[in-house]
Amino acid sequence: MIDEKLPILIVPDARLRLKARPVGPADDDIVRALAPRMLATMYAAPGIGLAAPQVGSNLRLIVVDVAGKEEAPAPMVLINPEIIAATKEMALREEGCLSLPGQYADVERPERIKLRWLDLEGSRQEMEAEGLLGVCLQHEIDHLNGVLFVDHLSPLKRNMMLRKLAKELKKARDE
Ligand code: K2U
Ligand code: ZN
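Everything numeric in this text was worked out from a predicted model, so none of it was measured.

### Remarks on the sheet that holds strand 1 (residues 49–51)
Alright, step 1. Pairing is antiparallel across the open sheet formed by five strands, whose spatial order is 1-2-3-6-7. Where the open sheet ends on each side, the last strands, each with one partner, are strand 1 and strand 7 (124–130). This sheet shows a mean twist of 40° between the axes of neighbouring strands, independent of strand direction.
Alright, step 2. The pairing of strand 3 (residues 76–86) with strand 6 (residues 112–118) spans five bridges and is antiparallel. Note that in strand 6 the partner of A86 across the bridge is I113.
Alright, step 3. Against the sheet, helix 1 (residues 28–44) touches strand 1, strand 2 (61–64) and strand 3, its axis set at about 40° to strand 2.

### Details of the side chain of N80
Alright, step 1. In this structure, N80 sits in strand 3.
Alright, step 2. Residue N80 is classed as buried on the basis of its relative accessible area, which comes to 18%.
Alright, step 3. A distance of 2.7 Å separates the side chain of N80 from the backbone nitrogen of V23, its partner in a polar contact.
Alright, step 4. The contact partners of N80, leaving out residues within four places of it in the chain, are P22, V23, R60, R116, W117 and L118.

### Here's the deal with the pairing of strand 2
Put simply, side chains in a regular strand alternate between the two faces of the sheet.
Alright, step 1. In strand 2, alternate side chains face the same way, and those of L61 and V63 on one face and I62 and V64 on the other are all buried.
Alright, step 2. In the sheet, strand 1 pairs with strand 2 via three bridges, with the strands oriented antiparallel. The residue bridging G49 from the neighbouring strand is V64, located in strand 2.
Alright, step 3. Pairing of strand 2 with strand 3 involves four bridges; the strand directions are antiparallel. Across the sheet, residue V63 finds its bridge partner in strand 3, namely V77.

### Observations concerning the pairing of strand 6
Alright, step 1. The side-chain alternation of strand 6 yields one buried face, formed by I113, L115 and W117, and one unburied face, formed by R112, K114, R116 and L118.
Alright, step 2. Here seven bridges tie strand 6 to strand 7, and the two strands are oriented antiparallel to one another. Bridge pairing in strand 7 links W117 to Q125.

### Section: the site of ligand 1
Alright, step 1. The immediate surroundings of ligand 1 are formed by 13 residues, with G49, Q54, L98, H139 and E140 found nearest.
Alright, step 2. Between ligand 1 and E140, the relevant distance is 2.8 Å, taken from an oxygen atom to a side-chain nitrogen or oxygen of the residue.
Alright, step 3. Counting residues per element, the shell around ligand 1 draws most heavily on helix 2 (residues 131–144), at five residues.

### Some details on the side chain of D27
Alright, step 1. Along the chain, D27 falls in the segment before helix 1.
Alright, step 2. Assessed through its relative accessible area of 7%, D27 is described here as buried.
Alright, step 3. Not counting the four nearest positions on each side in its chain, D27 is found in contact with R21, P22 and L59.

### Some points on the pattern of salt bridges
Alright, step 1. One pass over the full model with this rule turns up 14 salt bridges.
Alright, step 2. One salt bridge connects D27 with R21, and the closest N-O pair in it is separated by 3.0 Å.
Alright, step 3. Overlapping salt bridges, with partners in common, bring together R17, D151 and R158 in one network.

About the cut-offs
Residues numbered from 1 in each chain as written. Chains lettered and ligands numbered in written order. Predicted model: local features only at pLDDT ≥ 70, side-chain atom pairs only at ≥ 80, totals over all residues. Heavy atoms only, no water. Pairing = 2+ DSSP bridges. Helix = DSSP H or I, 4+ residues; strand = E, 2+ residues; numbered from the N terminus. Axes fitted to C-alpha atoms, helices over the stretch in contact; angles between N-to-C directions. Contact = heavy atoms within 4.5 Å. Buried < 20%, exposed > 50% of the residue type's maximum accessible area, 1.4 Å probe, protein only. Polar contact = N/O pair within 3.5 Å; in protein donor to acceptor, adjacent residues only side chain to side chain. Near = heavy atom within 4 Å. Salt bridge = Lys/Arg side-chain N within 4 Å of Asp/Glu carboxyl O.

In short, geometric facts, not functional conclusions.
Written out as structure tokens, the structure reads:
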């Protein structure tokens with residue numbers, strides 16, 4: 001089955017902190033092979049978004065599908081996504097991350113964004129997003145810049161959360 005799942009990197013893996021590089025024409029084969037596997041990995045997690053750095057690839061590539069369980073899947077593959085506008089108005093939403101298992105916190109982000117990207121056919125796309133899709137896209141594009149949702153918290157909360165995760169991972173290893 002080519003859409004074999006990939007291991008998801010967990011904090012504090014340094015590869016999660018790299019700034020990913022733009023996808024170029026030479027990366028066509030890699031992206032065509034990686035995108036379906038990222039979608040399979042995301043669905044299996046389960047998750048509603050996944051960025052290439054989370055599976056160890058430093059390409060500016062993300063996949064999202066915010067369709068609910070009752071709806072038909074609506075997978076999106078976004079190559080070199082860019083946020084080209086964002087509202088001043090912010091919205092608060094609880095976030096989690098597949099690379100910080102079991103950690104959740106309220107994060108404030110622009111309520112609505114306008115983004116531009118390339119699709120798998122190489123066509124330029126542009127759309128506005130808000131709500132869960134808007135948050136998910138901002139969360140995934142953060143991953144392409146080595147930014148994790150805990151980086152939007154106060155240093156105190158961020159360090160508490162990272163320490164808690166490290167302790168839980170150590171406990172799981174020692175068991
Ligand atoms: O990038 C990731 O780690 C997947 C994230 C994406 C995400 C985080 C916060 C808010 C929206 C999307 C999640 O772990 S996917 C899991 C999930 C599922 C439903 C709602 C929120 C998060
Ligand atoms: Zn994440």
